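# Overview (structure and organization)
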Amino acid sequence: MYSSTLTRLRAEWAPSIPRELLAGAVATFALIPEVIAFSFVAGVDPSVGLFASFVISIVIAFTGGRPAMVSAAAGSVALVAAPLVQSHGLGYLLAAGLLAGAVQVAFGLMKLGVLMRFVSSSVRTGFVNALAILIFAAQLPHLHGASVATWGALALGLALIYGLPWLGQRLAWPALTAIPSPLICVVVLTVLASALGLHLPTVGDLGKLPDSLPVFALPAVPVSLDTLRIILLPVLAIAMVGLLESVLTAAVVDEMTDTPSDKNRECTGLGLANIAASCFGGIAGCGMIGQAVGNVKYGGRGRLSTLFAGVFLLILMVALKDWVSKVPVIALVAIMVMVSAETFDWKSLGALVRHPRLSSAAMLATVVVTIATHNLAAGVAVGVVLSGVFFAFKVSHMLEVQMHDEPDPGAALGQRTWRVSGQVFFASADAFIEAFDVLGAEGRPVVIDVTHAHFWDITAVAALDKVVQRLRHHGCTVQVLGLNEASAVLIDRMGSDAAPAKSPTGS
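Residues numbered from 1 in each chain as written. Predicted model: local features only at pLDDT ≥ 70, side-chain atom pairs only at ≥ 80, totals over all residues. Heavy atoms only, no water.

Within the chain, the regular secondary structure consists of 22 helices and seven strands. Compactness check: the chain gives a C-alpha radius of gyration of 30 Å against a globular reference of 23 Å for 507 residues, more than 25% above the reference. When its C-alpha atoms are laid out on the principal axes, the chain stretches across 105 × 65 × 60 Å. Per-residue burial for the chain yields a buried fraction of 50% across its 507 residues. (Helix = DSSP H or I, 4+ residues; strand = E, 2+ residues; numbered from the N terminus. Rg over C-alpha atoms; globule rule 2.2 N^0.38 Å. Buried < 20%, exposed > 50% of the residue type's maximum accessible area, 1.4 Å probe, protein only.)

As structure tokens, then:
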């Protein structure tokens, strides 16, 4: 029992301790420029984003549902938080983050993570590609008007990041792949810039770094209905955006590692992390897809890599602040360019011509809206809606109604039978009604055989009811055959005039 528990904990936390620590360090360096930039987007000091990032990373390492996933202060949350900071200040932002965390905890406890099943593969691909483009675009301001030295440093950084692993595999030198190349890039460029006296912008130029540990304190806002009124909408926006990005990022890591994760636990863990971050003076956050991809790419598979990403960030920002402030920003830009390239699903470009056009349209719409609004929730919402509309459109065209007349020598007009097959619901109800030539059936006995059809909603029941009423109005005797149990129950609940008679086969 003890041995099996230990094996399980090792698999969950640290399949390989050295790789976990090194991968977490890569994720940390990938976090620094983005967290500082997102802090400016939200209108708060860099310390607010940095405090949040290491608190969130540490807490979610224990409480999250997706090992090896990196969560921190994120741009999507910063965008929805910025108006609240501008209008009411940091205290209200911290209060909103705390309450948003509580909403996320409730979301997870109610097991609503299952709702992510409604996000199609096309929308997930669009989400990944849009974030990859946004990550790359976020690096462009660092290159605007850059000097020759800056461009040279970028080229050298990318050469180190991509070249060292390639060279190590080519020459079969394990030493070149033992340490992740992004860490070597940071060290080499920092040493070269200092030794050669290169005038390269540094991390210290981005903003004031923390000079002490965060301190626990509840948000300094009045506990009143007025406060709730002010923060309610931002709370819901922060909670939903954070949940959406975290669960989608967890799905990406699931696919990269071929392992499942507990999405409901991830929602609850994110909520607890955001509550803790808010109580230590940090902005709310969520899953960081770029950093998660980098973590997994360089060997992170367990919770230790997530934990160390937060611990190492704390060490760098406080104990090693003087050294970190001298790291050239361009070294971190090189890492983020690599992260962007690794995040983007390049195969999806070729799939645009192979996949159904409607699926490709949903993917492209997700990308375009996300990039245009810098709002992940907006992009995914549009993609989900379009996927639903396209699915309904496709299924609605699977409805078929065939007419057959059976002559009756003893009567002037023989029986007319309509055989319905397919799905009848709100999108196909009008086509269902139009398929019946009511005037042509006047005075005939009529059978509507729905053995191979299914009625899904009240619109479908209303359509069948309308057809039956029209036929009876024109002197027809109407019999409905073959209703399956689910359709019959729905029609009975609606009090429809359609007679749910059994077919001869008993179906």
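Alright, that's what it looks like, and here's the rest.
A separate point is unusual backbone geometry. Located in the positive-phi region is Lys111, a residue other than glycine, with phi close to 55 degrees. Its place among the elements puts Lys111 in the loop between helix H5 (90–109) and helix H6 (121–137).

It is worth spelling out the packing of aromatic side chains at this point. For the coordinates displayed, the defined rule picks out ten aromatic pairs. With centroids separated by 5.6 Å and ring planes inclined at 75 degrees, the aromatic side chains of Phe216 and Phe280 adopt a geometry described as edge-to-face. Taken together, the residues Phe216 in the loop between helix H10 (181–196) and helix H11 (225–257) and Phe280 in the loop between helix H12 (263–279) and strand S2 (286–287) connect sequence positions 64 residues apart. Of the residues examined, Phe216 reaches a relative accessible area of 52% and is grouped as exposed. A relative accessible area of 28% places Phe280 in the partly exposed class. In textbook terms, an aromatic cluster arises when at least three aromatic residues are bridged by ring pairs, as seen for Trp418, Phe432, Phe436 and Phe455. (Phe/Tyr/Trp six-rings, centres within 6.5 Å; stacked < 30°, edge-to-face > 60°.)

Take the nonpolar core next. By size, the foremost hydrophobic cluster in this structure holds 85 residues, and its most contacted members are Phe29, Ile32, Ile238 and Ile335. Per-element accounting of this core gives the leading share, twelve residues, to helix H2 (residues 17–42). Among all residues touching Ile335, those that are not within four sequence positions of it are Phe29, Ala30, Ile161, Pro182 and Val186. In this structure, Trp418, Ala453, Phe455 and Val468 belong to the second largest nonpolar core, which totals 28 residues. (Core = buried A, V, L, I, M, F, W, Y, C linked by side-chain atoms within 4.5 Å. Contact = heavy atoms within 4.5 Å.)

In this section: a nonpolar patch on the surface. Side chains of Val187, Val191, Ile315, Leu320 and Trp323 sit close together on the surface and give an oily, nonpolar patch of about 410 Å² of accessible area. With respect to the helices and strands, the residue Trp323 is situated in helix H15 (residues 321–324). (Patch = residues over 30% accessible without salt bridge, like charges linked within 9 Å, V, L, I, M, F, W, Y side chains within 5 Å. Areas by Shrake-Rupley, 256 points an atom, 1.4 Å probe, with all protein chains shown as cover. Salt bridge = Lys/Arg side-chain N within 4 Å of Asp/Glu carboxyl O.)

Moving on to the environment of Ala159. With respect to the secondary-structure elements, Ala159 resides in helix H8 (residues 148–171). Along the sequence, Ala159 and Glu12 sit 147 residues apart, while their C-alpha atoms lie 34 Å from each other.

The share of residues in the chain with pLDDT of 70 or more is 96%, and the mean pLDDT across the chain is 87. Note that residues 501–507 has pLDDT below 50 and, in this model, twelve contacts with residues that lie over four places away or in other chains. (pLDDT = per-residue confidence, 0-100.)

Turning to helix H21 (residues 458–473), a few remarks are in order. One turn of an α-helix holds 3.6 residues; hence residues three or four places apart share an orientation. With 16 residues, H21 extends 22 Å from end C-alpha to end C-alpha; this agrees with the ideal 22 Å at 1.5 Å per step. Within H21 the residues assigned to the buried category are Ala460, Val461, Ala463, Leu464, Asp465, Val467, Val468 and Leu471. Packing partners of the buried residues in H21 comprise strand S4 (415–424), helix H20 (429–434), strand S5 (445–455), strand S6 (477–481) and helix H22 (485–494). Where H21 terminates, the next one or two residues include Gly475, which has phi positive at roughly 80 degrees. (Expected span 1.5 Å × (residues − 1).)

Moving on to the side chain of Ser261. When you line up the elements, Ser261 lands in the loop between H11 and H12. At a separation of 3.0 Å, a polar atom in the side chain of Ser261 contacts the side chain of Asp254. A distance of 3.0 Å separates a polar atom in the side chain of Ser261 from a polar atom in the side chain of Lys263. (Polar contact = N/O pair within 3.5 Å; in protein donor to acceptor, adjacent residues only side chain to side chain.)

This part covers the packing of helix H3 (residues 46–63) against helix H14 (residues 303–319). Packing of H3 against H14 brings their axes to within 8 Å, and their N-to-C directions diverge by 155 degrees. Judged by the inter-axis angle, H3 sits roughly antiparallel to H14. Considering only the axes of H3 and H14, their crossing is left-handed. For the pair H3 and H14, the contacting residues are Leu50, Ser53, Phe54, Ser57, Ile58, Ile60, Ala61 and Phe62 in the first and Arg303, Thr306, Leu307, Gly310, Val311, Leu313, Leu314 and Met317 in the second. (Axes fitted to C-alpha atoms, helices over the stretch in contact; angles between N-to-C directions. Parallel < 35°, antiparallel > 145°, perpendicular 65-115°, else oblique. Left-handed = near helix turned anticlockwise from the far one by under 90°.)

Glancing now at the pairing of S6. Bridging between S5 and S6 involves five bridges; their strand directions are parallel. Across the sheet, the residue bridging to Pro445 is Thr477, located in S6. In this region the chain leaves S5, passes through H21 and returns to the parallel neighbour S6; the handedness of that crossover is right-handed. (Pairing = 2+ DSSP bridges. Right-handed = clockwise from strand over helix to strand, strands pointing away.)

This part is about the environment of Ala37. By the secondary structure assignment, Ala37 is in helix H2. A C-alpha to C-alpha distance of 9.6 Å links Ala37 and Ala74, two positions 37 residues apart in sequence.

Quick look at H2 now. Given a rise of 1.5 Å per residue, 26 residues ought to cover 38 Å, and the 35 Å separating the end C-alpha atoms of H2 matches this to within 8%. The largest bend along H2 reaches roughly 30 degrees and is located at Leu31, with the proline Pro33 sitting one to four residues downstream. Positive backbone phi, approximately 80 degrees, marks Gly43, located one or two places after H2. (Bend = angle between axes of the 7 residues up to and from the residue.)

Take Arg416: it is sitting in strand S4. Using a relative accessible area of 7% as the deciding quantity, one classes Arg416 as buried.

Attention now goes to the pattern of salt bridges. Under the counting rule described, the total for this entry stands at seven salt bridges. Residues Arg66 and Asp254 are paired through a salt bridge, measuring 2.6 Å at the closest nitrogen-oxygen approach. With Arg66 in the loop between H3 and strand S1 (71–72) and Asp254 in helix H11, the pair connects residues that are 188 residues apart, well separated along the chain. Across this residue pair, the class does not change: Arg66 and Asp254 are buried. One salt bridge in this structure joins Arg444 and Asp405, with 3.8 Å as the shortest N-O distance. Taken together, the positions of Arg444 in the loop between H20 and S5 and Asp405 in strand S3 (residues 400–406) put the pair 39 residues apart, joining distant regions of the chain.

Time to look at the packing of helix H4 (residues 75–88) against H11. Two elements in contact, H4 and H11, have axes whose closest approach is 8 Å; the angle formed by their N-to-C orientations is 165 degrees. Judged by the angle between their axes, H4 and H11 are roughly antiparallel. Between H4 and H11 the crossing geometry is left-handed. On H11, the residues touching Ser76, Val77, Val80, Ala81, Leu84 and His88 of H4 are Ile230, Ile231, Pro234, Ala237, Ile238, Val241 and Glu245.

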